[in-house]
Amino acid sequence: MLLGAGSDSEDVTQEAFVKAYRKLSRYRGDSSFRSWLLAIVANETRNLHRSRGRRDGLVLRAAAADPTSEIAEDGAVGAVLAGERRDALVGALRQLPVRDREVIVCRYFLDLTEEETVAALGWPRGTVKSRTSRALAKLRGLLDREEVRHG
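Remember, predicted model here, so these are calculated numbers, not experimental data.

Q: With reference to specific residues and values, describe the overall build of the protein.
A: When helices and strands are tallied, the protein shows eight helices and zero strands. In the protein, the succession of helices and strands from N to C terminus is α-α-α-α-α-α-α-α. Of all 151 residues assigned to the protein, the portion counted as buried reaches 33%. In the protein, the share of contacts with a sequence separation of at least 24, taken over all contacts with a separation of at least 6, comes to 60%. Accessible surface for the protein amounts to roughly 9800 Å². Of this, 53% is attributable to carbon and sulfur atoms.

What follows is the structure in structure tokens.
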């Protein structure tokens, strides 16, 4: 999932569907059902990032405290330190600030309309327009730098 859930995307999606089912009575129809559901998925992804950040921080602190421990040798620490290897586009997307990444993913990867993006992210229309424009410019810059670095 390009919002950053990675290998946990199935868990995030499942949790989002469970939450959507439980909150179905709260769906007012102000936006499309798709937008409403994608907003729940985006929130679950944010929750995952927060918990993953706390967990990764604990692992790194534990490894730093005792570099000879099993924790330091654990493959998870290597994965945290090395990060996931992704293609140039996903790597550049991950370098963007979260809000820039969210708008790019909604508009271009999920193929949401501007109105659906407004509903999914809960932002004013003008914010979606301006952030989309700025995020695309940042993404182009990151991709250009990556291309120069790797020839």
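Q: Pulling in residues and values, what's your account of the side chain of E116?
A: Residue placement: E116 occurs in helix α7 (residues 114–121). A residue is classified by how much of its surface remains accessible, and E116, at 17% relative accessible area, is buried. The contact partners of E116, leaving out residues within four places of it in the chain, are S32, R34, S35 and D111.

Q: Describe in detail the environment of T132, supporting the description with residues and values.
A: Within the secondary structure layout, T132 lies in helix α8 (residues 125–150). Overall, the relative accessible area of 8% leaves T132 in the buried class. Along the sequence, T132 and R107 sit 25 residues apart, while their C-alpha atoms lie 8.1 Å from each other. Residues within four places of T132 in sequence aside, it is in contact with V103, I104, R107 and Y108.

Q: Any chance you could break down the pattern of salt bridges for me, citing the residues and the numbers?
A: Inspection of every chain in the model, using the stated rule, returns seven salt bridges. A network of salt bridges, in which partner residues are shared, links D100, R131 and K138.

Q: Give a description of the nonpolar core that names residues and reports values.
A: The biggest cluster of nonpolar side chains holds 17 residues, and the ones touching the most others in it are L96, V103, I104 and L139. Elements supplying a minimum of two residues to this core: α5 (88–95), α6 (98–109), α7 and α8. It is α8 that provides the largest number of residues to this core, a total of five residues. The contacts of L96, once residues within four sequence positions are left out, are R101, I104, A135, K138, L139 and L142. Counting residues in each nonpolar core, the second largest holds six residues, with A16, L37, I40 and V41 among its members.

Q: Give a detailed account of a nonpolar patch on the surface, specifying residues and quantitative values.
A: A contiguous nonpolar patch, built from Y21, L24 and F33 and spanning about 360 Å² of accessible area, is present on the exposed surface. The topology assignment puts Y21 in helix α1 (residues 9–22).

Cut-off values and rules
- Residues numbered from 1 in each chain as written.
- Predicted model: local features only at pLDDT ≥ 70, side-chain atom pairs only at ≥ 80, totals over all residues.
- Heavy atoms only, no water.
- Helix = DSSP H or I, 4+ residues; strand = E, 2+ residues; numbered from the N terminus.
- Buried < 20%, exposed > 50% of the residue type's maximum accessible area, 1.4 Å probe, protein only.
- Contact = heavy atoms within 4.5 Å.
- Areas by Shrake-Rupley, 256 points an atom, 1.4 Å probe, with all protein chains shown as cover.
- Salt bridge = Lys/Arg side-chain N within 4 Å of Asp/Glu carboxyl O.
- Core = buried A, V, L, I, M, F, W, Y, C linked by side-chain atoms within 4.5 Å.
- Patch = residues over 30% accessible without salt bridge, like charges linked within 9 Å, V, L, I, M, F, W, Y side chains within 5 Å.

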